[in-house]
Amino acid sequence: MGGNLDYMKRRILELIDDSDDPWLKAAFYGDPKVASILNKLLSEWERNERKGIPLDYAGPDDLETLYSLASKYASMSTVELQVIALHRMEGGGEKEAGVGEGITGKIIRFLRRLIRL
């Protein structure tokens, strides 16, 4: 079990923190689930005199959630990440950003087709 947790920690760091893509970081860290978990982890890390890294204080469920979201965002195109991040900055969420649905979803699908050409 511990090896799997270590793998997930490593992958989260590789996918998000080691990325040079600011849109990926903005979308990931702006996700309400991520923010909630990280606030909890940062508090625990502070209580423990900042030993290790905040991810060291994540339980299996939180780590799995962060890993899943990191994988999800890392697999998105820059356009998708931009739509999500910018919409959140305007006070909306991912669903409201229309990712995968509505007119914005259609625009994203169209842009994906253009990029693949």
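The coordinates are above.
Rules and cut-offs
- Residues numbered from 1 in each chain as written.
- Predicted model: local features only at pLDDT ≥ 70, side-chain atom pairs only at ≥ 80, totals over all residues.
- Heavy atoms only, no water.
- Axes fitted to C-alpha atoms, helices over the stretch in contact; angles between N-to-C directions.
- Helix = DSSP H or I, 4+ residues; strand = E, 2+ residues; numbered from the N terminus.
- Parallel < 35°, antiparallel > 145°, perpendicular 65-115°, else oblique.
- Left-handed = near helix turned anticlockwise from the far one by under 90°.
- Contact = heavy atoms within 4.5 Å.
- Nonpolar A, V, L, I, M, F, W, Y, C, P; charged D, E, K, R; others polar.

Enquirer: Now, about the packing of helix α3 (residues 32-47) against helix α4 (residues 60-74): what can you tell me, with residues and values included?
Expert: In contact at an axis separation of 10 Å, α3 and α4 are set at 140 degrees when each is read in the N-to-C sense. Looking at the two axes, α3 sits oblique to α4. Helix-helix and strand crossings are classified by hand; for α3 and α4 the assignment is left-handed. Two secondary-structure elements touch here, α3 through Lys33, Val34, Ile37, Leu38, Lys40 and Leu41 and α4 through Asp62, Thr65, Leu66 and Leu69. Residues that form the contact of α3 with α4 fall into these classes: six nonpolar, one polar and three charged.

Enquirer: Give a detailed account of unusual backbone geometry, specifying residues and quantitative values.
Expert: Even without glycine at this site, Glu49 takes up a positive phi of about 55 degrees. Structurally, the position occupied by Glu49 is in the loop between α3 and α4. Backbone geometry places Arg50, a non-glycine residue, at a positive phi of 55 degrees.

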